[in-house]
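# Working through the structure, step by step
What follows is the residue order along each chain.
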There are 2 protein chains.
Amino acid sequence: MPGFLYYCVRNTSYIMMKENIQPTQAELEILQILWKKGPSTVREVNERLNDSQEKSIGYTTTLKIMQIMFEKNLLSRNDSQRTHVYAAEVREGNIQSALLDRFLQAAYKGSASKLALHLLGNHKTTPDELAEIKALIDQLEKNKPS
Amino acid sequence: MPGFLYYCVRNTSYIMMKENIQPTQAELEILQILWKKGPSTVREVNERLNDSQEKSIGYTTTLKIMQIMFEKNLLSRNDSQRTHVYAAEVREGNIQSALLDRFLQAAYKGSASKLALHLLGNHKTTPDELAEIKALIDQLEKNKPS
DNA sequence: CTTAAAATACGAAGAGCTTCGTACTAAATG
DNA sequence: CATTTAGTACGAAGCTCTTCGTATTTTAAG
């Protein structure tokens with residue numbers, strides 16, 4: 001019997017299962033905070049949420065959403081203390097890629113180059129960033145000179 | 001009295017008003033069809049919607065959404081005939097840019113270069129497209145050699 | 001004229017997300 | 001021990017989006 005891990009690695013469904021999840025807007029904002037600050041309590045997240053925005057969000061609102069995220073396995077939770085400590089269970093890059101896939105399909109019907117042109121055309125990018133992107137393109141062209 | 005047009009052009013609120021609208025998923029799918037096929041009836045849109053997807057969507061569902069889009073001024077409508085003909089009232093590029101702005105902020109906290117790197121790294125891009133992007137970067141670097 | 005077919009209008013149900021009030025529980029303070 | 005304080009759990013309301021059923025109207029066919 002090949003086993004669960006073997007099966008999952010083979011067809012990548014393990015990654016799919018976890019990283020194909022699409023967090024909602026509120027969930028994403030909480031993830032941003034946890035990605036940046038590391039494991040945090042509900043109160044810490046709630047405060048960070050409130051001082052970075054104009055509108056103020058109630059404590060129990062943040063609590064509820066984080067509880068839901070825990071049930072969805074977006075977060076893990078240490079409840080050995082009375083005050084629970086939550087941590088992101090998904091990686092920033094993976095979630096971003098999953099969201100990007102969906103967005104690219106929905107808004108650009110999958111045309112990555114069109115999106116790229118809009119992106120570079122509309123948004124301020126520093127010379128350093130442009131150079132970085134250029135370097136990546138060069139590398140891609142080398143690897144696939146077909 | 002400067003007049004409405006003058007006012008709107010001055011502070012760009014005319015464009016904002018219209019292009020800052022964020023169509024929903026279903027609305028976007030309908031817009032895609034209208035952008036591609038031009039003015040169409042509800043039935044045409046509904047059929048196109050159904051043969052390009054697995055799930056089938058009821059006629060009145062499509063009708064309802066298009067009526068709502070008409071109220072939101074996302075679509076215009078010619079009702080001189082019994083069978084109304086709808087057309088997109090917003091430009092594809094403008095909507096895409098508006099969606100991109102929001103997505104960039106939500107998922108990448110505004111870092112266009114990070115998104116670009118993900119985009120080029122994760123998605124198949126043809127050599128032609130890469131060349132096109134490269135050309136744009138060169139142009140940007142020329143215009144801002146600071 | 002009657003009937004059938006096709007279109008629009010409209011109301012309402014269902015689902016998911018966000019928000020918060022309230023109840024309950026545990027800890028700290030006096 | 002009583003009281004205040006801070007935390008979790010939970011239910012439900014409000015919102016938006018999607019979906020469809022039904023009623024109504026208009027056109028075409030018999």
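Residues numbered from 1 in each chain as written. Chains lettered and ligands numbered in written order. Predicted model: local features only at pLDDT ≥ 70, side-chain atom pairs only at ≥ 80, totals over all residues. Heavy atoms only, no water.

Attention now goes to the sheet that holds strand S2 (residues 75–78) of chain A. All names here are of chain A. The 3 strands lie next to each other as S1-S3-S2, forming an open sheet whose pairing is antiparallel. What marks the edges here is a single partner per strand, and that holds for strand S1 (40–41) and S2. Strand direction decides the pairing type here: S1 and strand S3 (residues 85–88), joined by 2 bridges, are antiparallel. Counted as the bridge partner of Thr-41 is Val-85 from S3. In the packing of helix H3 (residues 25–37) onto the sheet, contacts are made with S1, S2 and S3, and the angle to S3 comes to roughly 95 degrees. The sheet strands contacting helix H5 (residues 59–71) are S2 and S3, and the helix crosses S2 at an angle near 105 degrees. (Pairing = 2+ DSSP bridges. Helix = DSSP H or I, 4+ residues; strand = E, 2+ residues; numbered from the N terminus. Contact = heavy atoms within 4.5 Å. Axes fitted to C-alpha atoms, helices over the stretch in contact; angles between N-to-C directions.)

Quick look at the packing of helix H8 (residues 127–143) of chain A against helix H8 (residues 127–143) of chain B now. The interhelical angle for the contact between H8(A) and H8(B), taken along N-to-C directions, is 155 degrees, at an axis separation of 10 Å. By the angle between their axes, H8(A) is roughly antiparallel relative to H8(B). Between H8(A) and H8(B) lies a crossing of left-handed hand. From H8(A), A:Leu130, A:Ala131, A:Ile133, A:Lys134, A:Ile137, A:Asp138, A:Leu140 and A:Glu141 reach across to H8(B), where they touch B:Leu130, B:Ala131, B:Ile133, B:Lys134, B:Ile137, B:Asp138, B:Leu140 and B:Glu141. (Parallel < 35°, antiparallel > 145°, perpendicular 65-115°, else oblique. Left-handed = near helix turned anticlockwise from the far one by under 90°.)

Let us now look at the relation of the copies chain B and chain A. Of the transformation superimposing chain B on chain A, the axial component is 0.0 Å and the angular component is 180 degrees, with the fit at an RMSD of 0.1 Å. As the rotation angle and translation indicate, the two copies are arranged about a two-fold axis. Both copies contact each other with a shared surface, as 100% of the interface residues of chain B are interface residues in chain A too. (Least-squares fit on C-alpha atoms with pLDDT ≥ 70 in both.)

It is worth spelling out the environment of A:Ser76 at this point. Secondary-structure assignment places A:Ser76 in strand S2. For A:Ser76, a relative accessible area of 25% gives the class partly exposed. (Buried < 20%, exposed > 50% of the residue type's maximum accessible area, 1.4 Å probe, protein only.)

Residue and element names in this part refer to chain A. With their axes 10 Å apart at the nearest point, helix H6 (residues 92–108) and helix H7 (residues 112–122) run at an angle of 90 degrees to one another. When the interaxial angle is binned, H6 and H7 end up roughly perpendicular. On H7, the residues touching Leu-100, Phe-103, Leu-104 and Tyr-108 of H6 are Ala-112, Lys-114, Leu-115 and His-118. By residue class, the composition of the contact of H6 with H7 is 6 nonpolar, 1 polar and 1 charged. (Nonpolar A, V, L, I, M, F, W, Y, C, P; charged D, E, K, R; others polar.)

Before going further, it helps to spend a moment on unusual backbone geometry. In most cases, non-glycine residues show a negative phi, while peptide bonds are predominantly trans. Backbone geometry places A:Lys109, a non-glycine residue, at a positive phi of 45 degrees. Within the secondary structure, A:Lys109 is located in the loop between H6 and H7. A positive phi angle is found at B:Asn73, which is not glycine, with a value near 65 degrees. By the element assignment, B:Asn73 lies in the loop between helix H5 (59–71) and strand S1 (75–78).

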